[in-house]
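A closer look at the structure
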Amino acid sequence: MFRTSVGRRGNYGVETPVVPAVQAALALVLLNMGYQRVGSKHDPQGWWLIGSGGILLIIALGYLHAARRGKFLVWSKLLGELNLTGAEQVLDLGCGRGAVTTLVAARLTTGKVLGIDAWRSRSLLTSNKGGSEDQIARRNADAEGVSDRVEFRQGDITDLRMPGNQYDLVVSGLGISAIPNAEGRRAAVEEAVRVTRPGGRVLIADIRHTKDYAAKLATLGCEQIESRSLGWEAWYGGPWLSTILVSARKAKA
């Protein structure tokens, strides 16, 4: 079985699995056509087909690496850089199956992490035997040994319906990107800042929309706003689909 990263025992699926599946299928078609042309007709154009198929296959494998291993590696590094005390209260917006949620929880002792998701439009590789996404998230927390520090709750991340100024850290690993409209994504960022304690941190990872997130954080008065690529480990197919992290600190009152 393909392991997501060292110590990962949960079932976290693949975001939008149709993308690498189509890429791999097209790659195999091109490779087959290329080999047939080179082998039977000695057609030099067959090498172009082989080359194109090979590149497309590498892109598909890169996507799978980011989804199944790379995201865990980059988030583990990010969380390590935060120097958490272990007592933090943390919120994960759009938590999905709890990939980031469980990584955070593993670094907590007396702290807790709450994962919120609608679990309606998540496009993950699932099996009928796997149960619903929220059930899988809870089982993942059990598998990782962090269920005592994790709570999962169904909700709308654009309208959290909870008091503000209560979380030391708010994170989102591609969760906000699932919101289909810019207004909703900005509302989610506003909610993230609202529930963060003064002096607390907000970390949002996305492939697109990151300039909008940074702009919204600035209008909300956040400080130390930074945007940076998470590197090749989090390329969903190539550098043109690089995961960008937007981080900020909520201003102290």
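Let us look at the structure shown here. As the structure is a prediction and not an experimental result, all values here were calculated from the model.

Unusually for a residue other than glycine, L174 sits at a positive phi of about 70 degrees. Along the chain, L174 turns up in the loop between β4 (167-173) and α5 (182-195). For L174, a relative accessible area of 15% puts it in the buried group. Its identity as a non-glycine residue notwithstanding, Q224 has a phi of 55 degrees, on the positive side. Here Q224 falls in the exposed class, since its relative accessible area comes to 53%.

This part takes up α5. Because each turn of an α-helix spans 3.6 residues, side chains separated by three or four positions in sequence point in the same direction. The terminal C-alpha atoms of α5, which comprises 14 residues, lie 20 Å apart, in line with the 20 Å expected from a rise of 1.5 Å per residue. Taken together, the buried positions of α5 are occupied by G184, R185, A188, V189, E191, A192, V193 and V195. On the buried face of α5, the contacting elements are β1 (89-93), β4, β5 (196-206) and α6 (210-219).

Time to look at the pairing of β5. Counting buried residues along β5, 8 of its 11 residues qualify, which places the element largely inside the surrounding structure. A crossover links β4 with its parallel partner β5, the connecting element being α5, and its sense is right-handed. Note that β5 and strand β7 (residues 244-249) share 6 bridges and pair antiparallel. Note that in β7 the partner of I204 across the bridge is V246.

Moving on: the side chain of K250. Within the secondary structure, K250 is located in the segment after β7. Those residues in contact with K250, other than ones at most four positions away along the chain, are N165, V193, R194, T196, R197, P198, G199, G200 and C222.

This brings us to the packing of aromatic side chains. Taken as a whole, this structure holds 3 aromatic pairs when the rule is applied. With a centroid separation of 6.4 Å and 65 degrees between ring planes, the pair formed by W119 and F152 is classed as edge-to-face. With a gap of 33 residues between them, W119 in the loop between β2 (112-117) and α4 (133-143) and F152 in strand β3 (residues 150-154) connect regions that are remote in the sequence.

Our next topic: the packing of α5 against α6. Interaxial distance between α5 and α6 falls to 10 Å at its minimum, and their mutual angle equals 45 degrees. Taken together, the axes of α5 and α6 lie oblique to each other. In the crossing of α5 with α6, the sense of the turn from one axis to the other is right-handed. Judged by residue contacts, R185, R186, V189, E190 and V193 of α5 engage Y213, K216 and L217 from α6.

Taking burial as the measure, the 5 residues of β1 include 4 buried ones, the bulk of the element. Relative to β2, β1 runs parallel, the two sharing 5 bridges. The residue of β2 that forms the bridge with Q89 is K112. The handedness of the β1 to β2 crossover, carried by helix α3 (residues 99-105), is right-handed. Direction of pairing for β1 relative to β4: parallel, over a ladder of 3 bridges. Within β4, the residue paired with L91 across the bridge is V170.

As enumerated under the stated definition, the model contains 2 cavities of 30 Å³ or more in all. Roughly 260 Å³ of volume is contained in the largest cavity. The wall of the largest cavity is formed by 24 residues, among which E15, K71, A99, V100 and G173 lie closest to the centre. Residue assignment for the lining of the largest cavity shows that the elements contributing at least two residues are α2 (45-81) and α3. The element best represented in the lining of the largest cavity is α2, accounting for 4 residues. In the lining of the largest cavity, the residues fall into 14 nonpolar, 5 polar and 5 charged. Counted as a void, the second largest cavity has a volume near 30 Å³. If you list the elements that add at least two residues to the lining of the second largest cavity, you get α5 and α6. Here the lining of the second largest cavity takes 3 residues from α5, the largest share from any one element. By residue class, the composition of the lining of the second largest cavity is 2 nonpolar, no polar and 3 charged.

Definitions and limits used
- Residues numbered from 1 in each chain as written.
- Predicted model: local features only at pLDDT ≥ 70, side-chain atom pairs only at ≥ 80, totals over all residues.
- Heavy atoms only, no water.
- Helix = DSSP H or I, 4+ residues; strand = E, 2+ residues; numbered from the N terminus.
- Buried < 20%, exposed > 50% of the residue type's maximum accessible area, 1.4 Å probe, protein only.
- Expected span 1.5 Å × (residues − 1).
- Contact = heavy atoms within 4.5 Å.
- Right-handed = clockwise from strand over helix to strand, strands pointing away.
- Pairing = 2+ DSSP bridges.
- Phe/Tyr/Trp six-rings, centres within 6.5 Å; stacked < 30°, edge-to-face > 60°.
- Axes fitted to C-alpha atoms, helices over the stretch in contact; angles between N-to-C directions.
- Parallel < 35°, antiparallel > 145°, perpendicular 65-115°, else oblique.
- Left-handed = near helix turned anticlockwise from the far one by under 90°.
- 1 Å grid on protein atoms, 1.4 Å probe; cavity = no way out; pocket = protein on both sides within 12 Å on 5 of 7 lines; lining within 4 Å.
- Points joined across faces, edges and corners; volume = space filled by probe spheres on them.
- Nonpolar A, V, L, I, M, F, W, Y, C, P; charged D, E, K, R; others polar.

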